[in-house]
Amino acid sequence: MAVMGGQNPLSAQVSCGSLLQQLQLIWDEVGESDEERDNMLLQLEQECLDVYRRKVDQASRSRALLLQQLADSKSELARLLSALGEKTFVGIPEKSSGTIKEQLAAIAPALEQLCNQKDERIKEFADIQSQIQKITGEIAGTIKAGEHVKPIVDEEDLSLKKLDEFQSQLKGLQKEKNDRLHKVLELVSNVHDLCAVLGMDFFSTVTEVHPSLNDSAGVQSRSITNETISKLAETVVELKEDKKMRLQKVQELAAQLYDLWNLMDTPADERSLFDHVTCNISSTVNEVIYPGALALDLIEQAEVEVERLDQLKFSKMKEIALKKQAELEDIYARAHVEIDSAAAQEKIMTLIDSGNVEPAELLANMDNQILKAKEEALSRKDILEKVEKWMSACEEESWLEDYNRDDNRYNSSRGAHLNLKRAEKARILVNKIPALVDTLVAKTRAWEEDHGMTFAYDGVPLLAMLDEYAMLRQDREEEKRRMRDQKRFHDQTSTEQEALFGARPSPNRPLGSKKVVGPRVNGAGSNGTPTRRLSLNNGPRSGSKDSGKRDSARASAPANYVAISKEDAASLVSATDPTPASP
């Protein structure tokens, strides 16, 4: 038995029956009682039942475990399909047949493939959601640019539809980020240009808005928050306003420099030192773009120069005041308005010497006088132009009468054709004199009504001049008619004498030389034409050089400002003198 007990039961092919026989033999040999034998057999049966029961329980537990695994696999399979948004899968068996292990073996490949697909989807979702959270945080300012963000992926919804929604959201955020970045770069560029024109430090200016706006930082790492964009926009507005104010200041200084230079006749080489200031005197805000054009040190230099010239101006006050007075007198001279120049200059000198008036106040007062004089000259311009036309027409009328009295005007002498052309033009112009005088009278009266004062030309009322001219012209026409009648009578008498006594010279015909046509001297003509210088000679003017030349070129008119030459009137009696063309 000892040998058999040491052997492998399986290898010896021992059965329960053989073992029971061996046990009975042993009992017989030992002499066990039947009762003892029954107890041992009952015990043996109980132990066998316990072994079978344990095996059955173990098998039941194993089956339950396999069933649970099968159920879990099916549930996981369904959950994966739901999470991935798939209604079915190719690798899933259509029918549940076979043993539990066969069913598990059939589901396992599909389950493994779906798990791998789930892992890939989770990575895709994590990547997209990470970008979304990153851009959202950059826009909101909750995270810094380039900072890593770990997203939380909802593994219950990994469908392609959800993935498309996240991709659309990401595209929208990327577009918004690009738009914001473009806006930030545009504003930063504006700040750079404005800082360059204003002479300010660009880096410190944008760093105050946000440190990431410095050029040393990457483009993608710049802040794109609403706060940054708003601050940048406010900075641009402030810089533009500062640029506008500085440009106004520079233009004011440039205008002051020009005024002071013109007052003191500053040479061009000294003016050129401030070309960088005066070049912007008429520029708009958008036209000033070169660096340093509106820097504070440039403005300070211009202010110092203006202050220096102001002090120099005070030392040259008399010279400047006399220069302004000369400008005022020139305006009045060109407008043919008489003023007492000597008294005005004496008053200016007295005021400056007394020290009772501020130089700036005196110059401002004279500037106001110059402004008023220009306004008055402008209001007189239209009438003065017509006065000039009237005087020119009267001169042509005087020349035409001289031409008509010349017996040799049709001779083939040198220049006769030029005089003939001039005479034709003069006749046309003379015929326009009455209408021109009427227009001039109407405009003069309208001017006097508007201004409540008499319109004087070099101190003489213009309407009086025009009225006197009209009367003299009427007298001249009557004189012409009388002379024509006298000539006809003389011709008739001569014809009768020739018939009685034969041809002989007329005793009334002048035997002297005939008057040669040429330029008339200054003064009144035989037709009552007013001279260019209508006012009395009150002494030389202290105005412009042009007015002095005009005065020196004109002789003083007689007291009645128009007169008929006695010699010209006598020459009209000549029998051979043709009848002058009517004006």
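- Per an unreviewed UniProt entry, the chain goes by Microtubule-associated protein MAP65/Ase1/PRC1 protein and derives from Dioscorea alata.

### Some points on the environment of R405
Move 1: Topologically, R405 is positioned in the loop between α14 (359–404) and α15 (416–431).
Move 2: On the basis of relative accessible area, R405 is assigned to the buried category, the value being 8%.

### Some points on the packing of helix α8 (residues 226–264) against helix α12 (residues 317–334)
Move 1: In the contact formed by α8 and α12, the axes pass within 9 Å of each other and the chain directions differ by 90°. Comparing the axis directions of α8 and α12 gives the class roughly perpendicular. Between α8 and α12, the residues in contact are N262, L263 and M264 and I320, K323 and K324, respectively.
Move 2: Here the residues of the contact of α8 with α12 sort into three nonpolar, one polar and two charged.

### A short note on the side chain of E397
Move 1: Residue position: E397 is located in helix α14.
Move 2: Residue classification places E397 among the buried positions, given a relative accessible area of 2%.
Move 3: In terms of polar contacts, E397 uses its side chain to reach the side chain of R473, at 2.8 Å.

### Remarks on the pattern of salt bridges
Move 1: Following the criterion strictly, the structure yields 25 salt bridges and no others.
Move 2: A salt bridge links R246 to D242; its shortest N-O distance comes to 3.4 Å. Remark: D242 and R246 occur in helix α8; sequence separation between them is four residues, near one turn of the helix.
Move 3: Among the residues examined, R246 registers a relative accessible area of 9% and is labelled buried.
Move 4: A salt bridge links D382 to K443, with the nearest nitrogen and oxygen atoms 3.2 Å apart. Residue D382 is found in helix α14, and its partner K443 is found in helix α16 (residues 433–451); the two are separated by 61 residues along the sequence.
Move 5: A relative accessible area of 32% places D382 in the partly exposed class.
Move 6: Shared partners join several salt bridges into a network, and the residues in it are E397, E401, D402, R405, R473, R476 and K480.

### Quick look at the packing of aromatic side chains
Move 1: Tallied over the entire structure, the rule returns six aromatic pairs.
Move 2: Aromatic pair Y258 and W261: ring centres 5.7 Å apart, planes at 85°, arrangement edge-to-face. Taken as a pair, Y258 and W261 lie in helix α8 at a separation of three residues, close to a single helical turn.
Move 3: Between R380 and the ring centre of F455, over which it is positioned, the NZ or CZ distance is 4.0 Å.
Move 4: Sitting over the face of the ring of W399, R422 holds its NZ or CZ atom 4.2 Å from the ring centroid.

### What to know about the nonpolar core
Move 1: The biggest cluster of nonpolar side chains holds 70 residues, and the ones touching the most others in it are V191, L232, V277 and L294.
Move 2: Of all hydrophobic cores here, the second largest spans 35 residues; its members include L328, I370, W447 and L463.

### Focus on the confidence of the model for the chain
Move 1: A residue-level look at the chain finds 79% of positions with pLDDT of 70 or above and a mean pLDDT of 77.
Move 2: Here residues 1–12 is a poorly scored stretch, pLDDT under 50, and it has four contacts once near neighbours within four places are set aside; other chains count.
Move 3: Low pLDDT, under 50, characterises residues 531–583; the predicted model gives this stretch 109 contacts beyond four residues in sequence or across chains.

### A look at helix α13 (residues 341–354)
Move 1: Its 14 residues give α13 an end-to-end C-alpha distance of 20 Å, which sits within 8% of 20 Å, the value for a rise of 1.5 Å per residue.
Move 2: Here α13 has its buried residues at S341, I348, M349 and I352. Projected down its long axis, α13 shows its buried positions confined to an angular sector of 95°, all on one face. Facing away from the buried side of α13, by more than 90 degrees, are the exposed residues A342, E346 and K347.
Move 3: The inward-facing, buried residues of α13 contact α12 and α14.
Move 4: G355 occupies a position one or two residues after α13 and carries a positive phi of about 75°.

How each quantity is defined
- Residues numbered from 1 in each chain as written.
- Predicted model: local features only at pLDDT ≥ 70, side-chain atom pairs only at ≥ 80, totals over all residues.
- Heavy atoms only, no water.
- Helix = DSSP H or I, 4+ residues; strand = E, 2+ residues; numbered from the N terminus.
- Buried < 20%, exposed > 50% of the residue type's maximum accessible area, 1.4 Å probe, protein only.
- Axes fitted to C-alpha atoms, helices over the stretch in contact; angles between N-to-C directions.
- Parallel < 35°, antiparallel > 145°, perpendicular 65-115°, else oblique.
- Contact = heavy atoms within 4.5 Å.
- Nonpolar A, V, L, I, M, F, W, Y, C, P; charged D, E, K, R; others polar.
- Polar contact = N/O pair within 3.5 Å; in protein donor to acceptor, adjacent residues only side chain to side chain.
- Salt bridge = Lys/Arg side-chain N within 4 Å of Asp/Glu carboxyl O.
- Phe/Tyr/Trp six-rings, centres within 6.5 Å; stacked < 30°, edge-to-face > 60°.
- Lys NZ or Arg CZ within 6 Å of the ring centre and 35° of its normal.
- Core = buried A, V, L, I, M, F, W, Y, C linked by side-chain atoms within 4.5 Å.
- pLDDT = per-residue confidence, 0-100.
- Expected span 1.5 Å × (residues − 1).
- Arc of directions from axis to C-beta.

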